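Architecture and fold: a report
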Amino acid sequence: MKISNIVIVVCCILLLCGCGASGCYENRNSIPRVALYAYNSPTQTIVADSITIYGVGQKSDSLLIECARVSSFTLPFRNDADTTSYVIRYDAIQLAANHITDTLTFAYRRYPYFISAECGVTFNYLIDTLIYTSHLLDSAALQVDEVTNNDIETLRLYYYVAQ
């Protein structure tokens, strides 16, 4: 009986010692962050009322935002393709009846990036081209062309805002 208790204690100690003290606490996702700005006041962020964002040509459900108020959001890139497209649908009451949408299409090169032994590898992206429609969107401007696991603003979307 004593020997089995000792074996259990020794096994627990070995298990605890086997766990590394330095786990992965870094951000392992390279995802572009998008923010909304007023075109006529380019340093002023804005809140869009009731927008829906979904992917185009995705293999599964790609609804990112559904009828929400947002000032910024993320748009994950596909790891299995060199382009990713998203539709922004404007659901505000005065716009919904017109079914107004804009589309963002990113063309990029992806490459594996080793973070650390604990965190492993992620994909980073180099954006080659950004194509967008301008139905309600005034313009779009890339802030950086490389998407890494750093949490920085990648893209600004500019909308005309009445003063």
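If you're wondering where the values come from, they're calculated on a predicted model, not measured in any experiment. (Residues numbered from 1 in each chain as written. Predicted model: local features only at pLDDT ≥ 70, side-chain atom pairs only at ≥ 80, totals over all residues. Heavy atoms only, no water.)

1. Side note on the state of the cysteines
Overall, the coordinates contain 1 disulfide when judged by the stated rule. Between the sulfur atoms of C24 and its disulfide partner C119 the distance amounts to 1.9 Å. Residues C24 and C119 share a disulfide whose torsion about the S-S bond is about 110°; that sign makes it right-handed. Taken as a pair, C24 in the loop between α1 (2-18) and β1 (33-38) and C119 in the loop between β7 (101-116) and β8 (120-132) lie far apart in primary sequence, 95 residues in all. (Disulfide = S-S within 2.5 Å. Helix = DSSP H or I, 4+ residues; strand = E, 2+ residues; numbered from the N terminus.)

2. Description of the side chain of T154
Secondary-structure assignment places T154 in strand β11 (residues 153-159). Leave out the neighbours within four places in its chain, and T154 touches P32, R33, I127, A141, L142, Q143, V144 and V147. (Contact = heavy atoms within 4.5 Å.)

3. Thoughts on the pattern of salt bridges
Per the counting criterion, the structure on display carries 7 salt bridges. Salt-bridge contacts for D82 lead to R110; the nearest nitrogen and oxygen are separated by 2.3 Å. Placement of D82 in the loop between β5 (72-74) and β6 (83-90) and of R110 in strand β7 is noted, with a sequence separation of 28 residues between them. Judged by relative accessible area, which is 44%, D82 ranks as partly exposed. (Salt bridge = Lys/Arg side-chain N within 4 Å of Asp/Glu carboxyl O. Buried < 20%, exposed > 50% of the residue type's maximum accessible area, 1.4 Å probe, protein only.)

4. Digging into the pairing of strand β3 (residues 48-56)
In terms of strand pairing, β3 meets strand β4 (residues 63-70) through 4 bridges, oriented antiparallel. Along β4, the bridge assignment pairs A48 with V70. (Pairing = 2+ DSSP bridges.)

5. Observations regarding the nonpolar core
Counting 28 residues, the largest nonpolar core has F73, F106 and L157 as its most contacted members. Listing elements by their share of this core, those giving two or more residues are β1, β3, β4, β6, β7, β8, β9 (137-142) and β11. Beyond its immediate chain neighbours, meaning those up to four positions away, F106 contacts L75, F77, D82, T83, T84, I127, T129, L130 and L155. (Core = buried A, V, L, I, M, F, W, Y, C linked by side-chain atoms within 4.5 Å.)

6. Focus on the packing of aromatic side chains
Counted according to the given criterion, the structure contains 6 aromatic pairs. Measuring from ring centre to ring centre gives 5.8 Å for Y37 and Y158, while their planes differ by 40°; the resulting arrangement is tilted. With Y37 in strand β1 and Y158 in strand β11, this residue pair connects regions lying 121 residues apart in the sequence. Y158 carries the same exposure label as Y37, and that label is buried. (Phe/Tyr/Trp six-rings, centres within 6.5 Å; stacked < 30°, edge-to-face > 60°.)

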